[in-house]
Number of protein chains: 2
Amino acid sequence: MNPTNQGDPLIVIVSHRGPFSFTARRDGGFKLTRGAGGLVTALGALAQKHEVLWVACALSPADRAWAKLHEARPERVDGVQLRLISPNLQRHRLFYNVIANPLLWFIQHQLWDIPRAPSIDRNTWKAWEQGYTWINHLYAEVIAHTLADEQRPIIVLPQDYHLYLLPFYLREAMGERVHIQPFLHIPWPGPDAWRILPAQIRNSILIGLLSANRIGFQTDKDAFNFVQTCRFYLPDAHARGTRDTITYRGRTIRSTAYPISIDVQKVEQLAEDGRTRQHRAAFSEYLSGRQLILRVDRIEPSKNILRGLQAYRNLLESYPEHRGQVQMLALLVPSRLEVDEYQDYLRDIMGEAGLINAEFSTSTWEPVRIVVGDNYARALALMQLYDVLLVNPIADGMNLVAKEGVLVNLKNGVLVLSEHAGAFYELGDHALTVSPFDTYGTAEALHQALTMPEEERLARANKLHDIVKQADVNHWFHAQVDDALNDLSSHARKSSTPGTPGNKPSA
Amino acid sequence: MNPTNQGDPLIVIVSHRGPFSFTARRDGGFKLTRGAGGLVTALGALAQKHEVLWVACALSPADRAWAKLHEARPERVDGVQLRLISPNLQRHRLFYNVIANPLLWFIQHQLWDIPRAPSIDRNTWKAWEQGYTWINHLYAEVIAHTLADEQRPIIVLPQDYHLYLLPFYLREAMGERVHIQPFLHIPWPGPDAWRILPAQIRNSILIGLLSANRIGFQTDKDAFNFVQTCRFYLPDAHARGTRDTITYRGRTIRSTAYPISIDVQKVEQLAEDGRTRQHRAAFSEYLSGRQLILRVDRIEPSKNILRGLQAYRNLLESYPEHRGQVQMLALLVPSRLEVDEYQDYLRDIMGEAGLINAEFSTSTWEPVRIVVGDNYARALALMQLYDVLLVNPIADGMNLVAKEGVLVNLKNGVLVLSEHAGAFYELGDHALTVSPFDTYGTAEALHQALTMPEEERLARANKLHDIVKQADVNHWFHAQVDDALNDLSSHARKSSTPGTPGNKPSA
């Protein structure tokens with residue numbers, strides 16, 4: 001890529017899934033579909049201010065065909081320069097289906113049934129070396145090659161747990177002239193969770209990340225856990241009494257929280273969309289005056305759907321006055337059902353729901369209804385209607401359902417929120433917070449929410465609404481870019497200091 | 001109890017299981033059986049130097065009958081003053097079968113299948129309040145009552161995870177005049193593991209322990225994890241830059257490692273006992289020159305028996321030269337089989353062993369043999385005969401099998417040792433150490449052990465033998481008592497300092 005302006009930086013976003021997906025058209029061209037994630041949302045505003053290069057992985061045959069057409073250089077697509085890598089499919093499978101999911105995901109959400117799984121076997125080691133390591137290296141190669149003649153300052157923003165080794169390989173290829181600042185969307189647990197990995201893999205991940213300049217996490221707790229994990233496992237990593245800085249082999253790395261959020265404007269618009277209104281009307285009728293306890297999740301063990309059902313059963317047992325007066329609706333979005341753990345989890349959920357209905361239902365009342373499917377308009381409609389939103393994950397980087405819910409809800413509904421969701425740190429003061437393992441306590445919180453005086457509901461709902469309204473996803477992304485720009489300019493100042501005779505430290 | 005000598009302290013050991021168990025005799029008297037644990041072993045030497053009071057729980061009908069006879073005051077039994085408490089059986093069941101095992105045990109060994117268990121339900125809360133809390137309080141009451149007129153300095157040594165709240169209640173009842181120093185035999189994991197408990201229970205445990213003066217752990221890592229856990233969850237607990245000291249509400253509490261060990265002399269004697277020799281001869285014949293990979297464990301998910309079998313399978317696959325030349329023997333001691341998790345675990349072990357034998361056995365070779373039963377002479381005989389001792393727990397306070405094995409082995413056998421056994425910190429340098437989750441790496445270690453040159457085997461075996469020989473269980477116990485005595489005398493010095501005019505700090 002050629003320089004356009006030496007002062008203006010180039011922003012390089014690197015992720016596994018790209019901002020667009022392609023489908024082949026009959027005329028030999030490609031149809032473009034824009035993704036829905038927070039980054040893609042933030043991209044619009046960003047691309048107006050900065051030049052953006054996005055490097056991602058081709059995931060479909062059409063993606064790969066598009067990548068082949070544009071393998072020499074990035075191509076301008078919808079305001080950004082796009083570059084897709086096309087790794088060997090077998091290596092990609094090892095990278096994605098053996099290491100990233102489930103191994104890293106399960107470790108970082110602390111989901112393993114430890115007496116039995118995981119077993120780091122020959123296939124895991126192969127997947128680590130020939131899949132995860134290889135693909136991280138490929139990303140670095142492609143980026144270094146693409147930016148070989150780049151004269152502008154470069155800010156590289158690798159996304160999430162797929163790219164832990166990228167900072168190391170990129171630093172190796174490009175040296176200190178590139179500012180590397182990953183953001184991790186999922187939780188970073190304390191040192192113990194990382195004991196599951198053999199030292200060689202664990203240390204590669206830590207050293208990979210410590211090749212960055214600054215690392216972004218969802219919460220202060222994640223950022224602190226990262227510092228602790230490095231101190232625990234790397235004898236030459238030091239925090240020097242801080243909670244957010246590591247010095248490692250002569251370099252200083254910062255660990256910073258940037259809580260992700262939602263696209264407030266877009267969610268508000270969709271909530272008033274025609275389809276959403278239709279769903280709202282239909283479900284209002286279905287509920288026929290009953291109080292609604294809602295949950296909306298991917299089918300995913302970390303979401304703690306099973307204990308949510310147990311808490312609901314406990315509520316109906318302890319407080320029979322709610323029987324017939326309340327309705328639990330669980331909207332479950334299918335996810336990774338090709339993995340045994342996910343399929344078993346769905347089976348257990350359906351079984352538990354069936355047993356609750358078998359025990360408590362009447363001719364006119366179905367205590368809990370599980371709706372499996374993916375329909376965002378329907379979800380938004382129900383988020384407007386809930387009296388109680390149950391968000392009780394075992395572990396969750398942020399949980400955007402909590403933020404969407406409190407933004408669009410029309411009933412001054414109460415948020416029952418796990419203390420282990422990232423959102424806890426922003427919303428916890430005005431929610432009823434629970435330990436996700438405590439089904440008794442969760443049932444008590446549900447009862448408290450269902451019987452809360454209107455005045456208190458209103459006060460809490462308003463506070464929650466305002467918090468989310470004030471910090472949307474653009475804020476999240478620009479805070480990262482601003483810190484990167486500041487780091488870059490302070491680095492530039494420092495670098496030039498020794499060569500400026502007569503320059504005084506206080507000048 | 002009446003004072004005998006004002007300077008000589010009274011040592012009070014407090015535990016769930018006592019040093020003796022009673023059985024009713026026909027003549028109305030009681031037969032006494034001495035327990036086998038490390039504490040009981042250390043008691044002999046201790047009771048010659050100090051006056052010892054032991055407070056424990058009556059566990060059998062005969063224990064309870066004995067306790068009823070002696071409920072007014074402690075009774076001298078076999079050199080110690082013994083006091084048994086007899087709690088309500090229902091409360092004891094809640095204390096023991098709901099909270100101590102499995103909840104605390106599973107948390108501290110990090111064994112839960114987190115997406116499904118535990119569920120802290122109404123019964124858990126009841127067990128916490130009416131079982132665990134109540135019984136800890138009962139212990140404190142009995143101790144305070146027994147020691148009401150005691151004039152000597154008092155050192156109280158509560159044992160293990162059954163008595164976390166005892167220091168709090170005892171401090172409340174007796175104030176600062178009593179030195180309280182618990183020892184925790186099982187691992188203390190980092191802050192994350194404790195997230196499973198609701199804040200109220202977790203904080204009660206931490207504050208309970210922080211009512212002590214000093215807390216003993218198996219390793220420096222456990223001691224450090226305790227400090228970190230307190231800092232993480234209690235806003236007013238501070239470490240002030242140390243790794244082993246907490247200040248909490250104006251008091252200073254030390255966190256210290258005392259690695260437990262075995263009774264060297266007794267184990268050496270038993271290894272030359274007639275029954276042991278018989279087993280040794282029989283198994284030597286059975287092995288008929290094959291190399292022996294031995295493991296000896298309670299049937300317990302933390303012992304990682306399943307992954308040990310997977311590693312063995314992996315060995316036979318990767319290195320076919322060992323087929324027919326090696327024999328795995330797993331001696332499994334039944335444990336808690338009334339708990340589902342333990343029964344399921346044994347089923348899975350037997351299934352995996354069956355599959356390995358189905359795949360690899362020949363008309364003259366059974367690759368793995370599982371021996372379920374409790375026979376210490378047989379275990380000692382096989383420990384003398386192993387070429388490789390596999391000790392690969394997921395988590396283990398210490399693991400005494402590793403110490404017994406390297407003490408009595410006659411073949412310069414190699415120890416393959418998990419980096420998460422407490423014994424790792426003493427024996428790791430001369431063992432082949434493995435990540436217990438890494439079945440591939442464990443198979444490689446087994447191969448390395450089976451093919452290690454005799455000279456290296458000898459050098460390692462000698463080092464391991466010497467380490468265990470030099471630090472036996474008396475050393476472990478006296479180190480604790482010595483620290484307690486020092487704490488007491490420095491406390492006494494400090495207390496008297498203000499009242500001693502002209503006393504100089506350097507005097």
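Now for a look at the structure at hand. (Residues numbered from 1 in each chain as written. Chains lettered and ligands numbered in written order. Predicted model: local features only at pLDDT ≥ 70, side-chain atom pairs only at ≥ 80, totals over all residues. Heavy atoms only, no water.)

## A closer look at the overall build of chain A
Then, in step 1: Scanning chain A from terminus to terminus reveals 17 helices and 18 strands.
Then, in step 2: Here chain A has a C-alpha radius of gyration of 24 Å; the compact-globule value for 507 residues is 23 Å, and the two agree.
Then, in step 3: By principal-axis analysis of the C-alpha atoms, chain A measures approximately 80 × 60 × 55 Å.
Then, in step 4: In chain A, which comprises 507 residues, the proportion classed as buried is 59%.
Then, in step 5: Here chain A has roughly 20,200 Å² of accessible surface; of this, 49% comes from carbon and sulfur atoms. (Helix = DSSP H or I, 4+ residues; strand = E, 2+ residues; numbered from the N terminus. Rg over C-alpha atoms; globule rule 2.2 N^0.38 Å. Buried < 20%, exposed > 50% of the residue type's maximum accessible area, 1.4 Å probe, protein only. Areas by Shrake-Rupley, 256 points an atom, 1.4 Å probe, with all protein chains shown as cover.)

## Side note on a positive patch on the surface
Then, in step 1: Taken together, the side chains of Arg231 and Arg243 of chain A together with Arg231 and Arg243 of chain B present a region of like positive charge at the surface.
Then, in step 2: Along the polypeptide, Arg231 of chain A turns up in helix α7 (residues 220-233).
Then, in step 3: Among the residues examined, Arg231 of chain A registers a relative accessible area of 41% and is labelled partly exposed. (Patch = residues over 30% accessible without salt bridge, like charges linked within 9 Å, V, L, I, M, F, W, Y side chains within 5 Å. Salt bridge = Lys/Arg side-chain N within 4 Å of Asp/Glu carboxyl O. Lys, Arg positive; Asp, Glu negative; His and termini not counted. Charge placed at Lys NZ, Arg CZ, Asp CG, Glu CD.)

## Focus on the environment of Ala257 of chain B
Residues and elements named next belong to chain B.
Then, in step 1: Assignment of secondary structure puts Ala257 in strand β12 (residues 251-257).
Then, in step 2: Overall, Ala257 belongs to the partly exposed group, its relative accessible area being 22%.
Then, in step 3: Along the chain, Ala257 and Ile215 lie 42 residues apart, while their C-alpha atoms are 8.5 Å from each other.
Then, in step 4: With sequence-adjacent residues up to four places away left out, Ala257 is seen in contact with Phe217, Gln218, Thr219, Asp220 and Ala223. (Contact = heavy atoms within 4.5 Å.)

## Looking at the pairing of strand β4 (residues 51-57) of chain B
Residues and elements named next belong to chain B.
Then, in step 1: For β4, a buried count of six out of seven residues is recorded, marking the element as mostly surrounded by other parts of the structure.
Then, in step 2: Across five bridges, the pairing between strand β1 (residues 10-14) and β4 is parallel. Bridge pairing in β4 links Val12 to Leu53.
Then, in step 3: One ladder, built from five bridges, connects β4 with strand β6 (residues 80-85); its direction is parallel. By the bridge assignment for β6, Trp54 is matched with Leu82. (Pairing = 2+ DSSP bridges.)

## Focus: the relation of the copies chain A and chain B
Then, in step 1: For the pair chain A and chain B, the relating rotation is 180°, the translation along its axis is 0.0 Å, and the fit reaches an RMSD of 0.0 Å. On this basis, the relationship between the two copies can be described by a two-fold rotation axis. In terms of proximity to the rotation axis, the leading residue of chain A is Asp113 of chain A, whose C-alpha is 2.0 Å off the axis.
Then, in step 2: Looking at the interface residues of chain A, 100% of them are also at the interface in chain B, so both copies use one shared face. (Least-squares fit on C-alpha atoms with pLDDT ≥ 70 in both.)

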